[in-house]
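# Descriptive structure summary
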Amino acid sequence: MQPSRARLFKEYKEVQKEKAADPDIQLVCDESNIFKWNALIKGPSETPYEGGVFQLAFSVPEQYPLQPPQVRFLTKIFHPNVHFKTGEICLDILKNAWSPAWTLQSVCRAIIALMAHPEADSPLNCDSGNLLRSGDIRGYQAMARMYTRLAAMPKKG
Amino acid sequence: MELSAASQGTNPCPICLGPIVQESYLDTCFHKFCYNCIVQWTKVVASKQSLLPSSVKCPLCKRENYSLIRGFDGTSFERLYVNQNFGNGFFLTKAHKCRLQCYHTEPGIANAAFDVSRYWKSRKYLQSNQWLQSWLKREIQALAQDEDIEIIVHHILGVFDCFLRRNEQKHVKTPEIIREEFKALVSDAARPFIAARTNHFVDEMELFLASGLTIEAYDQVYAEYLGWNNSSASNIAAAVERSNENTPVAEGSNESTTIIPDLSIFYEYYIGSD
């Protein structure tokens, strides 16, 4: 068996065993393809994403874990480091700073941390980045909260 | 085995998440990985740079490490430098390590298991030993910590064959003289390659030849004498003892190995009956 498959299966088992371990992350593997995963993460509290549930899509390369998984937001999100249209994420550990010791679960945790601590200096979403860089925290938060309500919260009624 | 399995259960390799295979440590942070996993990762890191890097960041703690330590057997270990691309990666198997362990114990610990003097007196060396080549290969690999030692094995085998052919005629020399000749020839052949361990190696080779056992059986008897596995090998050791008891001369020759210069005619009876 390829090392990537063996390792992904170990991660799958770990996720199944420790479902309750991290209530903010729900990782699901596509049972017909172990290289495709989905995750639901809760927006961190005291951020404009609080109360929202965001869906992530993982595409794992054959060389995993020597190469990082590709992750993007399926749920629309207004965040300086997430591409507004494609959901692409700008996060160092998914690029140069990748280490094979990361798991899909810990990548989810890193993404939650990124949601709470946006990096306005390396924006994929320039509108969001500019709001933050110009010091308009309220403007950024209002936009982010609006999109959280629109896209990441279950519709009521 | 039980011990390592238990520790691996709680501490899997951070890269493959499986039990650690060929435990290897980074030299600064001493984080532990499978040998293959950390080498693969280092190659990935190196492939992203134009020059061969001299260090690799630990996947766990990001500290810079310059070498990899592996194969610690309680006495010695191997160190592989990142900037030397980890050499060609020969790894000592468990059997190799067991043999090395024998060299870290006092010589002659397993002598009681096999009747060396009988081997010389009854001229058992004239029977070819089909396992000698494989045994030599493993032994030299362990001692030289190198996989590619075929030529050394060939050399030693050649010297040994030469020695046998010269001693095919009977009653010319005493067993003691033949034995000394064997020791001198083999140590001359082996010394350039294994240096300080040569004398011990010659004793080990003599012991293996005298045992007349397959490699597996020999290892088990040896392990028994070193007290490694007290239960599993006991029947084999018992079998060896029984076979020794079948030779009435064994007791006498054990006590006084230097007397009676030539009883080979008498001993030949036992070669025939074997």
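What you see is a predicted model, and the numbers here were worked out from it, not measured in a lab.

## Details of the overall build of chain B
A count of helical and extended segments in chain B gives twelve helices and six strands. The buried share of chain B, reckoned over its 274 residues, is 43%. Sequence-distant contacts, at least 24 apart, represent 60% of the contacts inside chain B between residues at least 6 apart. In the structure as shown, chain B presents an accessible area of about 14500 Å², 53% of it carried by carbon and sulfur atoms.

## Brief notes about the sheet that holds strand E2 (residues 36-42) of chain A
All names here are of chain A. Taken together, four strands build an open sheet; the order of strands is E1-E2-E3-E4 and the sheet is antiparallel. The strands lining the two open edges of the sheet, one partner per strand, are strand E1 (25-29) and strand E4 (70-73). In this sheet, neighbouring strand axes are inclined to one another by 20 degrees on average, regardless of whether the strands run parallel or antiparallel. Where E2 and strand E3 (residues 53-59) come together, seven bridges link them in antiparallel fashion. Opposite Lys36, over in E3, you have Ser59 as the bridge partner.

## Description of unusual backbone geometry
Cis geometry is adopted by the peptide bond preceding A:Pro65, which originates at A:Tyr64 and carries an omega value of 5 degrees. Within the fold, A:Pro65 resides in the loop between E3 and E4. For B:Phe30, which is not glycine, the phi torsion reads 60 degrees and is therefore positive. Tracing the chain through its elements places B:Phe30 in the loop between strand E1 (23-26) and strand E2 (32-34). We classify B:Phe30 as partly exposed; its relative accessible area is 48%.

## Observations concerning the environment of B:Val116
All names here are of chain B. For Val116, the position within the fold is in helix H4 (residues 116-121). The sequence separation of Val116 and Arg179 amounts to 63 residues, and the corresponding C-alpha distance is 9.8 Å. Here Val116 is in contact with Arg179, Glu206, Leu207 and Ala210, once residues within four sequence places are set aside.

## A look at the pairing of strand E5 (residues 67-70) of chain B
Residue and element names in this part refer to chain B. Along E5, one buried face is formed by Ser67 and Ile69 and the opposite face, lined by Leu68 and Arg70, is buried too. In this sheet, E5 lies alongside E1 in antiparallel orientation, the contact comprising three bridges. The residue bridging Tyr25 from the neighbouring strand is Ile69, located in E5. In this sheet, strand E6 (residues 78-81) lies alongside E5 in antiparallel orientation, the contact comprising four bridges. Directly across from Arg70, in E6, lies its bridge partner Glu78.

## Quick notes on the side chain of A:Ser99
Along the polypeptide, A:Ser99 turns up in the loop between E4 and helix H2 (104-116). Relative accessible area serves as the criterion here: at 6%, A:Ser99 is assigned to the buried category. Polar side-chain contacts of A:Ser99 include one of 2.6 Å to the backbone oxygen of B:Pro59. Beyond its immediate chain neighbours, meaning those up to four positions away, A:Ser99 contacts B:Trp41 and B:Pro59.

## So, the interface of chain B and chain A
Taken together, the contact pairs eleven residues of chain B with eleven residues of chain A. On the chain B side of the interface with chain A, the three residues burying the most area are B:Ile15, B:Leu17 and B:Trp41, jointly 48% of the side's total. Across the chain B-chain A interface, the total number found is three residue pairs in polar contact (both at pLDDT 80 or more). In the side of chain B that touches chain A, the residues fall into eight nonpolar, two polar and one charged.

## Let's talk about the UniProt feature "active site" (unreviewed entry) in chain A
Residues and elements named next belong to chain A. The UniProt record marks Cys90 with the feature "active site" (unreviewed entry), using the residue numbering of this structure. For Cys90, the position within the fold is in the loop between E4 and H2. On the accessibility criterion, Cys90 (27% relative accessible area) is partly exposed. For Cys90, the residues in contact, after removing those within four places along its chain, are Asn81, Lys95, Leu114, Ser122 and Leu124.

## Points about the pairing of E2(A)
Regular strands show a simple pattern: their side chains alternate between the two faces of the sheet. Residues of E2(A) alternate between two faces, with A:Trp37, A:Ala39 and A:Ile41 buried on one and A:Lys36, A:Asn38, A:Leu40 and A:Lys42 left unburied on the opposite face. The hairpin formed by E1(A) and E2(A) contains six residues between the paired strands.

## Let's talk about the environment of A:Asn125
All names here are of chain A. Relative to the helices and strands, Asn125 is located in the loop between H2 and helix H3 (126-133). A relative accessible area of 6% places Asn125 in the buried class. Along the backbone, Asn125 and His79 are 46 residues apart, and their C-alpha atoms lie at a distance of 6.6 Å. Each residue touching Asn125, except ones within four places of it in the same chain, is listed here: Phe78, His79, Pro80, Val82 and Phe84. A polar side-chain atom of Asn125 sits 3.1 Å from the main-chain amide nitrogen of Ser128.

## Quick notes on the state of the cysteines
Residue and element names in this part refer to chain B. For the structure on display, the rule yields zero disulfides over all chains. Considering cysteine sulfurs only, Cys16 is the nearest to Cys34, which forms no disulfide, with 3.7 Å between them. No disulfide involves Cys61; its nearest neighbouring cysteine sulfur is the one of Cys58, lying 3.7 Å away. Look at Cys61 and you get partly exposed, because its relative accessible area is 28%.

The rules behind these values
- Residues numbered from 1 in each chain as written.
- Chains lettered and ligands numbered in written order.
- Predicted model: local features only at pLDDT ≥ 70, side-chain atom pairs only at ≥ 80, totals over all residues.
- Heavy atoms only, no water.
- Helix = DSSP H or I, 4+ residues; strand = E, 2+ residues; numbered from the N terminus.
- Buried < 20%, exposed > 50% of the residue type's maximum accessible area, 1.4 Å probe, protein only.
- Contact = heavy atoms within 4.5 Å.
- Areas by Shrake-Rupley, 256 points an atom, 1.4 Å probe, with all protein chains shown as cover.
- Pairing = 2+ DSSP bridges.
- Axes fitted to C-alpha atoms, helices over the stretch in contact; angles between N-to-C directions.
- Polar contact = N/O pair within 3.5 Å; in protein donor to acceptor, adjacent residues only side chain to side chain.
- Buried area = accessible area lost by both parts, 1.4 Å probe.
- Nonpolar A, V, L, I, M, F, W, Y, C, P; charged D, E, K, R; others polar.
- UniProt positions renumbered as here; feature names shortened; annotations may be inferred.
- Disulfide = S-S within 2.5 Å.

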